[in-house]
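# Secondary and tertiary structure notes
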Amino acid sequence: MNQLNVAKFGGTSVADYDAMQRCADIIVNNPDTRVVVVSASAGVTNYLVQLAQGNLTAEQQDKIIQAICDIEYAVIGRLKQPADVLTALDNLIHEMSAIARNEQLSESLKLKDALLSFGERMSSLLFAELLRQRGVQAVNFDIRQVLKTDSTFSQAQPDIQATRRQAQTLMKPELSRSVFVTQGFIGSDSENATTTLGRGGSDYTAALLAEALDAETLHIWTDVTGIFTTDPRVASSARPIPEISFDEAAEMATFGAKILHPATLIPAIRSGSKVFVGSSRAANDGGTWISRETQERPAYRAIALRRDQVLLTLKSPNMLHATGFLADVFGILAKYKISVDLITTSEISVALTIDEPQNGTRKTLSSELLAELGEICDVKVEQGLSLIAVIGNRLQSVNGVGGKILSAMDSYNLRMICHGASPNNLCFLVYAEDAERIVENLHQKLFE
Ligand code: ADP
Ligand code: ASP
Ligand code: MG
């Protein structure tokens, strides 16, 4: 091993046996890859989130568990002589089903995280066996021994020092002997209870491990050939970006480009590991390199779209010439661990956006929070909105930015606009039903 590489394979990359074989090709072709982080096979975490709601009939539960079994046993059906792996998989399914049927599940974020961990635990078990059958000396390693977090179930924050210590002790000395196949997305708290890092968190796991193990490179294998100028599913004319800076890519991830979990680049920025994003379906078709310095810093880099936004408008007659209102509002939001994305203010009101993802187990906007805000102001909640961010460089000093961007949406309603706080983005909030059309128009104006 010359240069340690950590590779991460997302859900579609390990969706089934054939997809896993393509990942195995990638690993076999790069002997520097000694750590392999896998997501749950495509669809499995969504099924687990459905189970985690906890209010299903036994029949509904059985149907979902069966759907998960169909995915996992289809892989094992194609492996050779997998007797011990089959037993291990049976045990995991058994354990998973017991948690799914636990009556406390609907109330307990801790149990929900335990349940959500099974997708990655099953895919890593199967993928390690598949690699061994390809002649790779691979072990399936339980990442919960290494990736230590706080106890914010469903949105756990990693403990960087503890993770480094564990990775250096339990993984590093063995890497020359074995390829470590391990789970993305999951960790454990100080009492060893299973935690998760939030949906899409496997990218973050891989970046944290790359940092903790001092890896030179991190390869993120997904279903597209790199980071595009916008989501290619939204605008078919989107084109791949061969090279992008950490800042630009981090900005894209923060503003909803699903290609990377929003926190992925934080460890990479700290450690300086170079990050590559490519497609496991087309490993030779190139991809995007993300690094500190890039040759180009174009004014317009990309457009990101984040769905499921909630706009809170808080109106206080006392805000007129009053001080402390915003501090009170943000005090309450901090207490509920709510992070605010966009914000605009007028003399007597403040409007702010909050992410309310529909695919997780934690609800951001609780009735307790709204009641507490209601004690100091009038609260208006608007849903069905999407946030669009134009990402670029020096946007404050590029001539005609406002006109160019606004002309792409002259036949749509614009609910809110934010420009000026950062030279790297210009963001606005639109009605969800218009969002994709606006992204397409904008892409045409800025990139075609
Ligand atoms: P994985 O399961 O491998 O983590 P994800 O589905 O989480 O994959 O992320 C890949 C998807 O991200 C792509 O299929 C694409 O639709 C979406 N995406 C959003 N924005 C972008 C972008 N700017 N460039 C490329 N893909 C993007
Ligand atoms: N399996 C998890 C999810 O679907 C984590 C990931 O895929 O990154 O959110
Ligand atoms: Mg992902």
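Residues numbered from 1 in each chain as written. Chains lettered and ligands numbered in written order. Predicted model: local features only at pLDDT ≥ 70, side-chain atom pairs only at ≥ 80, totals over all residues. Heavy atoms only, no water.

Generally speaking, nonpolar side chains in soluble globular proteins are found buried as a group. F9, F127, M171 and I290 are the most contacted members of the largest nonpolar core, which totals 108 residues. Leave out the neighbours within four places in its chain, and M171 touches V35, F141, I143, V146, Q166, F180, L209 and L213. Grouped together as the second largest cluster of nonpolar side chains are 21 residues, L305, L395, V401 and I438 included. (Core = buried A, V, L, I, M, F, W, Y, C linked by side-chain atoms within 4.5 Å. Buried < 20%, exposed > 50% of the residue type's maximum accessible area, 1.4 Å probe, protein only. Contact = heavy atoms within 4.5 Å.)

For the rest of this paragraph, the subject is the site of ligand 2. Residues in close proximity to ligand 2 include S39, A40, T45, E120, F185, R199, G200, G201 and S202, which together make up its full environment. Between ligand 2 and T45 there is a distance of 2.8 Å, counted from a nitrogen atom to a side-chain nitrogen or oxygen. Within the side chain of E120, one N or O atom sits 2.6 Å away from a nitrogen atom of ligand 2. When ligand 2 sits alone it has 260 Å² of accessible area, and the protein chains cover 86% of it. Split by residue class, the shell around ligand 2 holds two nonpolar, five polar and two charged. (Near = heavy atom within 4 Å. Polar contact = N/O pair within 3.5 Å; in protein donor to acceptor, adjacent residues only side chain to side chain. Areas by Shrake-Rupley, 256 points an atom, 1.4 Å probe, with all protein chains shown as cover. Nonpolar A, V, L, I, M, F, W, Y, C, P; charged D, E, K, R; others polar.)

A few words on the packing of helix 2 (residues 44-52) against helix 5 (residues 109-116). Any two packed helices are characterised by how steeply their axes cross, that is the angle between the axes, and by the distance between the axes. Where helix 2 contacts helix 5, the axes come no closer than 9 Å and their chain directions differ by 150°. The angle between the axes of helix 2 and helix 5 places the two elements in the roughly antiparallel class. The handedness of the crossing between helix 2 and helix 5 is right-handed. Note on element contacts: helix 5 touches helix 2 through K112, L115 and L116, opposite T45, L48, V49, L51 and A52. (Axes fitted to C-alpha atoms, helices over the stretch in contact; angles between N-to-C directions. Helix = DSSP H or I, 4+ residues; strand = E, 2+ residues; numbered from the N terminus. Parallel < 35°, antiparallel > 145°, perpendicular 65-115°, else oblique. Left-handed = near helix turned anticlockwise from the far one by under 90°.)

Our next topic: the sheet that holds strand 15 (residues 414-419). Sheet strands associate in pairs through backbone hydrogen bonding, adopting either a parallel or an antiparallel arrangement. Ordered in space as 12-13-11-14-16-15, the six strands form an open sheet in which the pairing is antiparallel. Of all strands in the sheet, those bounded by a partner on one side alone are strand 12 (340-345) and strand 15. Averaged over all pairs of adjacent strands, the angle between strand axes in this sheet comes to 30°, irrespective of strand direction. Relative to strand 16 (residues 425-431), strand 15 runs antiparallel, the two being bridged by five bridges. When the sheet's bridge partners are listed, L414 is paired in strand 16 with V430. Relative to the sheet, helix 9 (residues 246-254) contacts strand 11 (300-315), strand 14 (378-392) and strand 16, its axis offset from that of strand 11 by approximately 45°. (Pairing = 2+ DSSP bridges.)

All right, on to the packing of aromatic side chains then. The full count for this structure, using the stated rule, is four aromatic pairs. With a centroid separation of 6.1 Å and 55° between ring planes, the pair formed by F9 and F127 is classed as tilted. Of the two residues, F9 is situated in strand 1 (residues 5-9) and F127 in helix 6 (residues 118-133); the sequence distance between them amounts to 118 residues. Summarising the burial analysis for this pair, F9 and F127 share the class buried. Taking 5.1 Å as the distance between ring centres and 55° as the angle between the ring planes, the aromatic pair formed by F141 and F180 counts as tilted. On the criterion of sequence distance, the pair formed by F141 in strand 3 (residues 138-141) and F180 in strand 4 (residues 179-183) is long-range, its members being 39 residues apart. For F141, a relative accessible area of 11% puts it in the buried group. The class of F180 is buried, set by a relative accessible area of 4%. The ring of F118 has R121 sitting right over it, with the charged end atom 4.3 Å from the ring centre. Just above the ring of W289 sits the side chain of K274; from NZ or CZ to the centre is 5.0 Å. (Phe/Tyr/Trp six-rings, centres within 6.5 Å; stacked < 30°, edge-to-face > 60°. Lys NZ or Arg CZ within 6 Å of the ring centre and 35° of its normal.)

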